Each structure stands twice: as C-alpha cells, then as structure tokens.
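So the chains spell out like this:
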Amino acid sequence: MSLVLDPAAQDLLFREARTANTFTDEPVTDEQVQAIYDLVKYGPTAFNQSPLRVVLVRSAEGRERLVQHMAEGNRPKTATAPLVAILAADNEFHEELPSLLPHFPQAKDMFFAERPVREASAGLNAALQAAYFIVGVRAAGLAAGPMTGYDAAGIQKEFLDDDHTPLMVVNIGKPGEDAWFPRSPRLSYDDVITTV
C-alpha cells in the first residue's frame, strides 16, 4: 500500500531531508517562520497542550551570547546559520489549558497542579512539537540542523527563565556547500515493529 502523500513531498520531508551543517547566507524571514508555525501548531499533543516555546536568535549580539554555550563542534555552524531557534518547554503550559481545551477546563488543576507532573508532560509534548517544527522547516524548503550539544543551564540562564527548559537548538536556512555528512543507517521495519 502506498502513502497518500506525494512521493516528492515524502522526499522533501523525510527521505532526502538531512541535518545541515553549513548554510548559505540567504535570510530566513519572519514570514517563513510564521508559516512554519501556522502549519505545525496542528500536530497532536496530550490535552492539546502547547508547551513549545521558540526563541529566534537573529541579532549578532544574541548569536554571540548563544555560541558561547554551544559545544565546540557546534559553534561554527551556529555562528553562521541564517537563523537559529532555541526550542524550549514551558513548564507552566497548564495556565493556557482552559482556552486550549475549552470542553475540559478543569484539566489544568485536575492533572497538572504539581510541578513535577507538568515538567514531565511539558518535556514530552514540547519534544513532539519540536519534531513537528523540524518537519515544518523542511516543508518550507529549508534545512534544519537540530542540536543538543550545549550547556543547557547556560542557555536557560541567558535566554529563558526557571519556568522554561531548553530542549534543542536548531540552525535553519538553505543548505550550503558540503552541508551533509554521509547518511547514517536506520533500523529496518523488522527491527522496530512487533505485532501482538
């Protein structure tokens, strides 16, 4: 059985998409980022929660502050990407649940009154939203370079607050020269799927 999605779109989003390590200097516009978000915000999450928060790092000063917290191998590509996004989980996401889940507003206090429960849920659901965000970047014809090699405490202190946990840093732009490492292997269907 074939997929409904056009094969060219499958290639754009998955098969041919790669993590970029170099980028051209073509800018990524606010309009592109808004179009990406306006698409990926529909991805499913538990209780329709929306804990993902995105900090766009555009200024030279902001870039300099960010690069100092990146792992050594990630610094050059973060310094030169047209746009860098810090993706974080909002651990106080539950405050918005009454408007996001209008048929069940009591979910805010019934399930998320305790901070450790909120942090676990925010981490999982913001990670889902981060994956949707990366696919959205690809849908915009751009390349994403997601990274977790950084000083999380430093990024949190520099760009966020105690209610927000950094998940990843994503370089965004058109792929540059020699942007790709060789494609790494993937597990096969039989390695992953079990039927009971």
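In what follows, the structure referred to is the one given above.
As the structure is a computational prediction, the values presented were derived from the model and not from experiment. (Residues numbered from 1 in each chain as written. Predicted model: local features only at pLDDT ≥ 70, side-chain atom pairs only at ≥ 80, totals over all residues. Heavy atoms only, no water.)

### Side note on the sheet that holds strand S4 (residues 164-173)
So, step 1. Strand order in this open sheet of 4 strands is S1-S2-S4-S3, and the pairing throughout is antiparallel. Single-partner strands in this sheet number two, and they are strand S1 (52-57) and strand S3 (143-147). Pairwise comparison of adjacent strand axes, ignoring direction, gives a mean angle of 25 degrees for this sheet.
So, step 2. Sheet topology places S1 next to strand S2 (residues 83-90); 6 bridges connect them, and they run antiparallel. The partner of Val 54 across the bridge, within S2, is Leu 87.
So, step 3. Packing against the sheet, helix H7 (residues 115-139) makes contact with S1, S2, S3 and S4, and its axis sits at approximately 155 degrees to S2. (Pairing = 2+ DSSP bridges. Helix = DSSP H or I, 4+ residues; strand = E, 2+ residues; numbered from the N terminus. Axes fitted to C-alpha atoms, helices over the stretch in contact; angles between N-to-C directions. Contact = heavy atoms within 4.5 Å.)

### Some thoughts on the pairing of S4
So, step 1. By the criterion of burial, S4 is predominantly enclosed, with 8 of the 10 residues buried.
So, step 2. In this structure, S2 lies alongside S4, joined through 8 bridges in antiparallel fashion. Within S4, the residue paired with Leu 83 across the bridge is Ile 172.
So, step 3. Here S3 runs beside S4; their pairing, made up of 5 bridges, is antiparallel. (Buried < 20%, exposed > 50% of the residue type's maximum accessible area, 1.4 Å probe, protein only.)

### Notes on a nonpolar patch on the surface
So, step 1. On the surface, Leu 187, Tyr 189, Val 192 and Ile 193 cluster together into a nonpolar patch covering about 450 Å² of accessible area.
So, step 2. Positionally, Ile 193 belongs in the segment after helix H9 (189-192). (Patch = residues over 30% accessible without salt bridge, like charges linked within 9 Å, V, L, I, M, F, W, Y side chains within 5 Å. Areas by Shrake-Rupley, 256 points an atom, 1.4 Å probe, with all protein chains shown as cover. Salt bridge = Lys/Arg side-chain N within 4 Å of Asp/Glu carboxyl O.)

### A word on the packing of helix H3 (residues 60-67) against helix H8 (residues 152-159)
So, step 1. Relative to each other, H3 and H8 sit at 150 degrees, their axes nearing to 10 Å. What the angle tells us is that H3 and H8 run roughly antiparallel. Note on element contacts: H8 touches H3 through Ile 155, Glu 158 and Phe 159, opposite Gly 62, Arg 65 and Leu 66.
So, step 2. Grouping the constituent residues of the contact of H3 with H8 by class yields 3 nonpolar, 1 polar and 2 charged. (Parallel < 35°, antiparallel > 145°, perpendicular 65-115°, else oblique. Nonpolar A, V, L, I, M, F, W, Y, C, P; charged D, E, K, R; others polar.)

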